[in-house]
Amino acid sequence: MSLKKIENKVFSGKRLTDEDALTLFQSDDIFTIGRLASYAASIKNGGNVYFIRNRHINPTNICVNRCKFCAFSRSKGEKGAYELTVKEIINKLKAQRQEGTKARITHHLSPITHDPSPSFSEVHIVGGLHPNWPFDFYIGLLKEIRRSFPSIHIKAFTAVEIDHFSKISGLTLAGTLISLKEAGLDSMPGGGAEILNKRVRDKICPEKIDGKRWLTVMKKAHGLGIRSNATMLYGHIETYRHRVEHMKRLRDLQDRTEGFQAFIPLSYHPKNTSIEGTAYTSGIDDIKTIAISRLYL
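Predicted model, so just to flag it, every value in this text is computed and none were measured.

Colleague: Pulling in residues and values, what's your account of the overall build of the protein?
Modeller: On a plain count of helices and strands, the protein comes out with eleven helices and six strands. The C-alpha atoms of the protein give a radius of gyration of 21 Å, which matches the 19 Å a tight globule of 297 residues would have. Considering only C-alpha atoms, the protein reaches an extent of 60 × 55 × 40 Å along its principal axes. Sorting the 297 residues of the protein into buried and exposed places 46% on the buried side.

Shown next, in the form of structure tokens:
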């Protein structure tokens, strides 16, 4: 009966409550949840599906933080640590663009009816919080990408990185974001949100900015015309209530700014991390999390 009430809300266009979302997480009726999520998607997008071709660039894995869920970060001088120069980053993008051009040429000579080309129109840049790089490095990186690829969309730097840039530059959040925007920044990825609940965050990433600060950075960015994505890292030590709380805080900010473009739930991968007693999420949990977030948001 509780799912029937939720179903009626979905079909009448009413917003789901936190308890509705929790009820869906606790339900085993994956078929009803999936059907409702599919309906919500069709109302929003019709028969269209959208995607973007982008290229990820991670300038460095050297980071001052040591988040327990992270298998990426290294200390300076540690085995596996690396630092890319601006020139190396530009060369990587140019090489990938050339590969895309070759693929398009091959495509036009073949009978394939869809475009398999790996060419890209967006670059996605995230990395560690380097202890020594000055703010000017990131400004110079954006300017050089914009100069080398005038039409490319630059999506770069999480809210955590923006906060770090503000500290090392001595600028306010607004000043930091304006400087980045003037250098070429178009939008921001949604990383660093993890789980916004303080108790969970204090256990999995105590050195990282708290959830309130993450939301503050995003609110400031949206106010300056910089849209962003939003993520949620799930499947570690959080509960269903923590997931719902996380989505509620995102939805509340979206009501005020309309600056989020996409929500990306990320399943936690325990390999090579230091969170004990965790396992990979199940396919059912992944499907439910995507479906419920689609309904709730």
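Colleague: Can you break down the confidence of the model for the protein residue by residue, with the values?
Modeller: On average, residues of the protein score 92 in pLDDT, and 93% of them are at 70 or above. This stretch, residues 106-117, has a pLDDT under 50; its non-local contacts, to residues over four places away or in other chains, come to ten contacts.

Colleague: Could you give an account of the nonpolar core, naming the residues involved and the relevant values?
Modeller: It is characteristic of soluble globular proteins that their nonpolar side chains tend to be buried jointly. Judged by nonpolar contacts, the single largest core of 74 residues is most densely connected at Ile125, Ile145, Phe157, Ile162, Leu180, Met188 and Trp214. Of all the elements, helix H5 (residues 135-148) adds the most residues to this core, at seven residues. Setting aside its immediate chain neighbours within four residues, Trp214 contacts Ala159, Val160, Gly190, Gly191, Gly192, Ala193, Leu196, Ile209, Ala230, Leu250 and Phe260.

Colleague: Run through the pairing of strand S6 (residues 260-267), naming residues and quoting values.
Modeller: Note that strand S5 (residues 227-234) and S6 share seven bridges and pair parallel. Following the sheet pairing, Thr231 is matched in S6 by Ile264. Between the parallel pair S5 and S6, the chain is carried across by helix H10 (residues 240-257), and the sense of this crossover is right-handed.

Colleague: Kindly report on the packing of helix H6 (residues 159-169) against helix H7 (residues 173-183), identifying the contributing residues and their values.
Modeller: Running from N to C, H6 and H7 cross one another at 105°; their axes reach a closest spacing of 9 Å. It follows that H6 is roughly perpendicular to H7 by the angle criterion. Judged by residue contacts, Ile162, Asp163, Phe165, Ser166 and Ser169 of H6 engage Leu173, Thr176, Leu177 and Leu180 from H7. Of the residues assigned to the contact of H6 with H7, the class counts are five nonpolar, three polar and one charged.

Colleague: How would you sum up the environment of Asn54? Please name residues and give values.
Modeller: Looking at the element boundaries, Asn54 is found in strand S1 (residues 54-57). The spacing of Asn54 and Ile154 is 100 residues in sequence and 9.5 Å in space, taken between C-alpha atoms. Ignoring any residue separated from it by four or fewer positions in sequence, one finds Asn54 in contact with Phe120, Glu122, His124 and Lys155. Engagement of the side chain of Asn54 in a polar contact is seen with the side chain of Glu122, the distance being 3.0 Å.

Colleague: Please set out the side chain of Ser293 residue by residue, giving values where relevant.
Modeller: Structurally, Ser293 can be placed in helix H11 (residues 283-296). Aside from chain neighbours lying at most four places away, what touches Ser293 is Met247, Phe263 and Pro265.

Colleague: I'd like to hear about H5, residue by residue, with values.
Modeller: The terminal C-alpha atoms of H5 lie 20 Å apart, and with 14 residues this matches the ideal 20 Å at 1.5 Å per residue to within 8%. Here H5 has its buried residues at Phe135, Phe137, Tyr138, Ile139, Leu141, Leu142 and Ile145.

Colleague: If you had to explain the pattern of salt bridges to someone new, which residues and values would you point to?
Modeller: What the rule picks out here adds up to 17 salt bridges. Among the salt bridges present, the one from Lys167 reaches Asp163, with a minimum N-O distance of 3.2 Å. Taken together, the positions of Lys167 and Asp163, both in helix H6 and four residues apart, correspond to about one turn of that helix. Since its relative accessible area comes to 62%, Lys167 is described here as exposed. Using a relative accessible area of 4% as the deciding quantity, one classes Asp163 as buried. Between Lys248 and Asp252 there is a salt bridge, with its nearest N and O atoms 3.6 Å apart. Placement of both Lys248 and Asp252 in helix H10 is noted, with a separation of four residues, approximately one turn of the helix. Judged by its relative accessible area of 32%, Lys248 falls in the partly exposed class.

Cut-offs applied
All residue numbers here refer to positions counted from 1 along the written sequence of the relevant chain. At least 70 in pLDDT is required for a residue's local features to be given in this predicted model, at least 80 for side-chain atom pairs to be given and counted, and no such filter applies to totals for whole chains, interfaces and linings, which use all residues. Side-chain descriptors were evaluated using all non-hydrogen atoms of the structure, hydrogens and water having been removed beforehand. In DSSP terms, a helix is any run of H or I states spanning at least four residues, a strand is any run of E spanning at least two, and both are numbered starting from the N terminus. Here the globule rule reads 2.2 Å times residues to the power 0.38, and the radius of gyration is calculated from C-alpha atoms. Burial here depends on accessible area, computed with a 1.4 Å probe over protein chains only, as a share of the maximum for the residue type. Under 20% is buried, over 50% is exposed, and the range in between is partly exposed. For every residue, the predictor assigns a confidence score, pLDDT, that lies between 0 and 100. Contacts are assigned to residue pairs that have any heavy atoms within 4.5 Å of one another. Among buried residues, the Ala, Val, Leu, Ile, Met, Phe, Trp, Tyr and Cys ones that are joined through side-chain atoms within 4.5 Å form a nonpolar core. For two strands to be treated as a pair, DSSP must find no fewer than two bridges joining them. We call a crossover right-handed when, viewed with both strands directed away from the observer, the connection leading from the first strand over the helix to the second proceeds clockwise. For helices, the axis comes from a line fit to the C-alpha atoms of the stretch in contact; other axes are also lines fit to C-alpha atoms, and the angle between any two N-to-C directions lies between 0 and 180 degrees. Oblique is the label for any angle not under 35 degrees, not over 145, and not in the 65 to 115 range, which are roughly parallel, roughly antiparallel and roughly perpendicular in turn. Think of it as three bins: nonpolar holds Ala, Val, Leu, Ile, Met, Phe, Trp, Tyr, Cys and Pro, charged holds Asp, Glu, Lys and Arg, and polar takes everything else, Gly as well. N or O atoms within 3.5 Å of each other form a polar contact, as long as, within protein, one can give a hydrogen and the other can take it, and as long as residues adjacent in sequence are counted only when both atoms are side-chain atoms. One fewer than the residue count of a helix, multiplied by 1.5 Å, yields its expected span. Whenever a carboxyl oxygen of Asp or Glu lies within 4 Å of a side-chain nitrogen of Lys or Arg, that contact is scored as a salt bridge.

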